[in-house]
There are 2 protein chains.
Amino acid sequence: MSSPSARRSGGRAARKALRAGPLSDDIRPIRPGMEGGTFRPLSDAEILRIHNAALEALETIGLADAPPSGVEILTKAGAILGDDGRLRFPRSVVEDTLAIAAKSISLHGRDPRNDMKLSGNCVHYGTAGAAVSMVDVDGRNYRDSTVQDLHDAARIADQLENIHFLQRPMVCRDIADNCEMDLNSIYACCSGTTKHVGVSFTEPGFVKPAIEMLHMIAGGEDKWRERPFVSNSNCFVVPPMKFATESCEVMEECVRAGMPVLLLSAGMAGATAPSTVAGAIVQATAECLAGLVYVNAIKPGHPAIMGTWPLGLDLRTGAMSVGSGEQALLTSGCAQMHHFYGLPGGAAAGASDAKLPDMQAGWEQMCSNVTAGLAGVNMVYEAAGMHASLLGFCFESLILGDDLIGQAQRVVRGIEVTDETLALDQIASVCLGGPGHYLGTAQTLSRMQADYVYPKLGDRTSPKEWAENGKPDLIANATARKIEMLAKPSQAAFDPQLDAQIRTAFNIHLKR
Amino acid sequence: MSSPSARRSGGRAARKALRAGPLSDDIRPIRPGMEGGTFRPLSDAEILRIHNAALEALETIGLADAPPSGVEILTKAGAILGDDGRLRFPRSVVEDTLAIAAKSISLHGRDPRNDMKLSGNCVHYGTAGAAVSMVDVDGRNYRDSTVQDLHDAARIADQLENIHFLQRPMVCRDIADNCEMDLNSIYACCSGTTKHVGVSFTEPGFVKPAIEMLHMIAGGEDKWRERPFVSNSNCFVVPPMKFATESCEVMEECVRAGMPVLLLSAGMAGATAPSTVAGAIVQATAECLAGLVYVNAIKPGHPAIMGTWPLGLDLRTGAMSVGSGEQALLTSGCAQMHHFYGLPGGAAAGASDAKLPDMQAGWEQMCSNVTAGLAGVNMVYEAAGMHASLLGFCFESLILGDDLIGQAQRVVRGIEVTDETLALDQIASVCLGGPGHYLGTAQTLSRMQADYVYPKLGDRTSPKEWAENGKPDLIANATARKIEMLAKPSQAAFDPQLDAQIRTAFNIHLKR
């Protein structure tokens, strides 16, 4: 093998000059919504078996604990209420829902450039919740997360190219009142980013004031309904196979208010879902299909995301574990089910069990992020910043996650095969009387921006250069970038008049 | 979502007891040689286009710089020597070779339990070279690698379940004489592990004494030829499209001595290979097919591995970069070409550009390791321990790599879909009058060992437990494990009489 540290001078100056300029949108090597689908852990026959098992589970086991309103909505749609209080779903009810459910939906950002279109195998990466702690890398400490942390997370995510949406990653533990917490979560997120925001309401009664705030931010109900830029994560089930009564009522409110919903079924394989990957997918699929019937019975075609989020478990201890190979399979298999139904879908990937942004965090985050992307998950939730099996959120990890996801996206983009990329002419001209290397060829120069993803903080220097640079520490560099990003004013801040109106109408905890 | 820290008592004691015992071979969740192939970045049509481009490159461009012996061998096989000194390969020559080349080969270990069978999509992970430095994590230092380091690497790899072979990861820089270095590399590796060993001879003249040593270790030439436990990495080309004259002569010696060869083409995309992923694969495929013709012309059916190792490059600087998403695609695409030809193949994955085993190292190592496995690379070289774009090797990283590869292998294993794993009966019995959770079910207990890969050093404790444990550091724990592993005597040590014979016949630098 030739020496890895070999440097060639051919065209280096030209390449550096070219690379220094900003990338125009048409030649960005990666972008939100790239197509996955080249990783298919399940065969078509296996997908069909999971589908049939899910329908059978809905038909014969059904779901308990629907609220009275849900019983009414679902029985009207054809579900059958048993003497045991469980709602069972004949196949035809599910099939009728699949015929009318929204197949391709948009999740809007306050800035339309941040809109996401969910369909087919297209992939978006973002944060999700709900951590209760912040990870301070300096002192290796876990501390309660606050509304300021949430706002800061939004501001950082707003500046990271490869974080495509912000589902609120942590709980504002400094706000004791749950309604105020929900309202302040919206404020903290939306004033920090113009990307699509996800929240999760604690109680049905909190939806109404939240929608009032969203109408204010949008500039009126019509504008909100036209481009709803906040969606709700509805943990509408308590696996296995029980509706979460209150969360269902929240969901009804959200649907009526025009808010897209994530039908979130987060069973833990081995505890609240079967321990087998296939079984956990069956149950999650069944549960989310029940949710889909529910939503479409309220409002046909309402934007809903199949949130099959089976999570892993360490069976030795019974504790959640999200950084495993099993997690990568749970999530990727679910993506295939979404595609089978042609429904927009999301699942959890990219979270780590590690307490700090260390090597374990890196491998765990990449393992499920790259496989989820290759499987074509429309919405990869928990993709960055998440530690300690969803208990802790870390800014440095979020910032490094941008680099990590960039590389995952490069893999998702795949291999282009054209006459140009096959490069036969180029090989001939380089070898037959040419320079004997490709560094300075027109093709190399012309594609070096469009084909390659360069890390922002990932270090590619030689050991010698690295030593000359003072052996920079990855985490320290991420901290420096964090400070820099948070020093800038938020690009998503509300205009002062609107801000004053919101602060008059609501008790906003975040300091001006 | 239910609280991630939720603990359930059901069956915990039983699970812990069960898990404490060692795993019998039949229920190990992962093992060497598992089948990949579920990640297919190239379509069948694209594979065919790459194949045709490679054959056209061989036919029209050919390779320069074959040694006189190679010219004779290859022209006899049907290659045509041009006036420009290049050997060109008509399609039929390649096709005839493909008909006789070994399709399924075994790479033996000195211990038969470590044998590897290379065929189809089966996947093995191991180290490869050739670093010139060791990474000392304590002082964040790079220092010259020594023969003792190489021996220690072998001893550590011998004890790591998920490291399936040891290609010598670093150069013994404390041995000035190249012949002595090659001989001592064999000694240091083989006395440290009974897994298959890969070396790389510097000069053709060094093969003969090395084979003498191997005969001694094997207990005779016949025993060596029956189960050759060392293979040679032949960098038989200097990309683009030139034979490496001396290395070809080494290869001829190895083939005649019954040593399996890795036909290694390590072009750097953008420097010594086209910058496009497809183009780099075309060139590597062409070069390795030329090597295959060469080997089979010497000895039809001789065990040879398609070593299409295109490596990435940071086009901003012209420096090698192996931790990128592009690298994952280069390697995975090559795997599809191996499968297209039905040939045993290997490629590079799992190396990092990071200087230390930090978060970047984790994500880079996982990105290409998991995708290479899913693509079904038979031999994943550079899978653990490799830093600084192949310049540095790190023991702590090697040890953590065992955990990392374990999770990658779990993904490769995939999703089993059977009536049992679909778990419909179990869902019914848990939900309908059952306990409402799966922690204590017979199915969960019976599969908790066979289905789940548990990390050895990866930390899954809660933040609270972690703090109670003194906030253990991942790298410090790896260092402790390293010390523990190296404190044990080598299980692969030669018996004293053999050792004395070898030390009489050769100048062995390693202290007794």
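Residues numbered from 1 in each chain as written. Chains lettered and ligands numbered in written order. Predicted model: local features only at pLDDT ≥ 70, side-chain atom pairs only at ≥ 80, totals over all residues. Heavy atoms only, no water.

## Some words on the relation of the copies chain A and chain B
For the match of chain A to chain B, the screw axis carries a shift of 0.0 Å, the RMSD comes to 0.0 Å, and the turn is 180 degrees. With respect to symmetry, the two chain copies, as superposed, fit the operation of a two-fold axis. Here 100% of the contact residues of chain A are again contact residues in chain B; the copies associate through an equivalent surface. (Least-squares fit on C-alpha atoms with pLDDT ≥ 70 in both. Contact = heavy atoms within 4.5 Å.)

## Thoughts on the sheet that holds strand β8 (residues 141-144) of chain A
Across the sheet, which stays open at both edges, the four strands sit in the order β8-β7-β19-β18 (chain A) with mixed pairing between neighbours. In this open sheet, the two edge strands, each paired with only one partner strand, are β8 and β18 (386-387) of chain A. (Pairing = 2+ DSSP bridges. Helix = DSSP H or I, 4+ residues; strand = E, 2+ residues; numbered from the N terminus.)

## Details of the pattern of salt bridges
All names here are of chain B. Under the criterion given, the structure shown has 61 salt bridges over all chains. Its salt-bridge partner being E95, residue R91 comes within 3.6 Å of it at the nearest N-O pair. With R91 and E95 both in helix α4 (residues 91-100) and four residues apart, the pair spans about one turn of that helix. On the accessibility criterion, E95 (39% relative accessible area) is partly exposed. (Salt bridge = Lys/Arg side-chain N within 4 Å of Asp/Glu carboxyl O. Buried < 20%, exposed > 50% of the residue type's maximum accessible area, 1.4 Å probe, protein only.)

## Thoughts on the packing of helix α6 (residues 178-190) of chain A against helix α7 (residues 207-218) of chain A
Residue and element names in this part refer to chain A. Direction vectors running N to C along α6 and α7 enclose 20 degrees, while the axes themselves pass 10 Å from each other. What the angle tells us is that α6 and α7 run roughly parallel. In this structure, the crossing between α6 and α7 has a hand that is right-handed. Contacts between α6 and α7 involve C179, L183, I186, Y187 and C190 on the former and, on the latter, P209, A210, M213, L214 and I217. Tallied by class, residues from the contact of α6 with α7 come to ten nonpolar, no polar and no charged. (Axes fitted to C-alpha atoms, helices over the stretch in contact; angles between N-to-C directions. Parallel < 35°, antiparallel > 145°, perpendicular 65-115°, else oblique. Left-handed = near helix turned anticlockwise from the far one by under 90°. Nonpolar A, V, L, I, M, F, W, Y, C, P; charged D, E, K, R; others polar.)

## A short note on unusual backbone geometry
A cis geometry characterises the amide bond from P239 of chain A onward to P240 of chain A, with omega recorded as 5 degrees. Its location among the elements puts P240 of chain A in the loop between β11 (230-234) and α9 (245-256). The amide bond that connects G129 of chain B to the next residue, A130 of chain B, takes the cis arrangement and shows omega of 0 degrees. With phi around 80 degrees, L390 of chain A is a residue other than glycine that occupies positive phi space. Within the fold, L390 of chain A resides in the loop between β18 and β19 (392-393). In the Ramachandran plot, A388 of chain B falls in the positive-phi region, its phi being about 55 degrees despite a non-glycine side chain. Structurally, A388 of chain B can be placed in the loop between β18 (386-387) and β19 (392-393).

## Some thoughts on the pairing of strand β12 (residues 261-265) of chain A
All names here are of chain A. Within β12, five of the five residues are buried, which leaves it mostly tucked inside the rest of the structure. Neither face of β12 is exposed, since V261, L263 and S265 on one face and L262 and L264 on the opposite face are all buried. As paired strands, β11 and β12 are joined by three bridges and run parallel to one another. Along β12, the bridge assignment pairs N232 with V261. After leaving β11, the chain enters α9 and then returns to the sheet as β12, a path that is right-handed. Bridge count for β12 against strand β13 (residues 304-308) is five bridges, and the pairing is parallel. Across the sheet, L264 pairs through a bridge with G307, a residue of β13. (Right-handed = clockwise from strand over helix to strand, strands pointing away.)

## Quick notes on the side chain of H302 of chain B
Within the element layout of this structure, H302 of chain B appears in the loop between α10 (277-298) and β13 (304-308). Contact partners of H302 of chain B, with chain neighbours within four places excluded, come to A102, C254, V255, G258, M259, P260, V261, V295 and N296 of chain B.

## Describing helix α13 (residues 395-413) of chain B
All names here are of chain B. Given a rise of 1.5 Å per residue, 19 residues ought to cover 27 Å, and the 27 Å separating the end C-alpha atoms of α13 matches this to within 8%. Remark: the principal bend of α13, roughly 30 degrees, maps to G401. Once α13 ends, the next one or two residues include G414, with phi positive near 85 degrees. (Expected span 1.5 Å × (residues − 1). Bend = angle between axes of the 7 residues up to and from the residue.)

## Topic: the sheet that holds strand β8 (residues 141-144) of chain B
Residue and element names in this part refer to chain B. Judged by pairing direction, the sheet is mixed, and its four strands sit side by side in the order β8-β7-β19-β18 without closing on themselves. The open sheet is flanked by β8 and β18, the only strands paired with a single partner. Strand direction decides the pairing type here: strand β7 (residues 133-136) and β19, joined by two bridges, are parallel. Following the sheet pairing, S133 is matched in β19 by G392.

## Thoughts on the interface of chain A and chain B
Think of interface size as the accessible area that goes away when the parts come together; that is how it is often given. Contacts between chain A and chain B engage 138 residues on the former and 138 residues on the latter. Buried area between chain A and chain B, both sides added, is near 11500 Å², and the carbon and sulfur share of it is 67%. Linking chain A to chain B there are twelve salt bridges. A salt bridge links D353 of chain B to R460 of chain A; the nearest nitrogen and oxygen atoms lie 3.7 Å apart. Seen at the junction of chain A and chain B, the total is 34 residue pairs in polar contact (both at pLDDT 80 or more). Ranked by residues supplied to the side of chain A that touches chain B, first place goes to helix α12 (residues 359-375) of chain A with ten residues. Residues belonging to the side of chain A that touches chain B are distributed by class as follows: 68 nonpolar, 39 polar and 31 charged. (Buried area = accessible area lost by both parts, 1.4 Å probe. Polar contact = N/O pair within 3.5 Å; in protein donor to acceptor, adjacent residues only side chain to side chain.)

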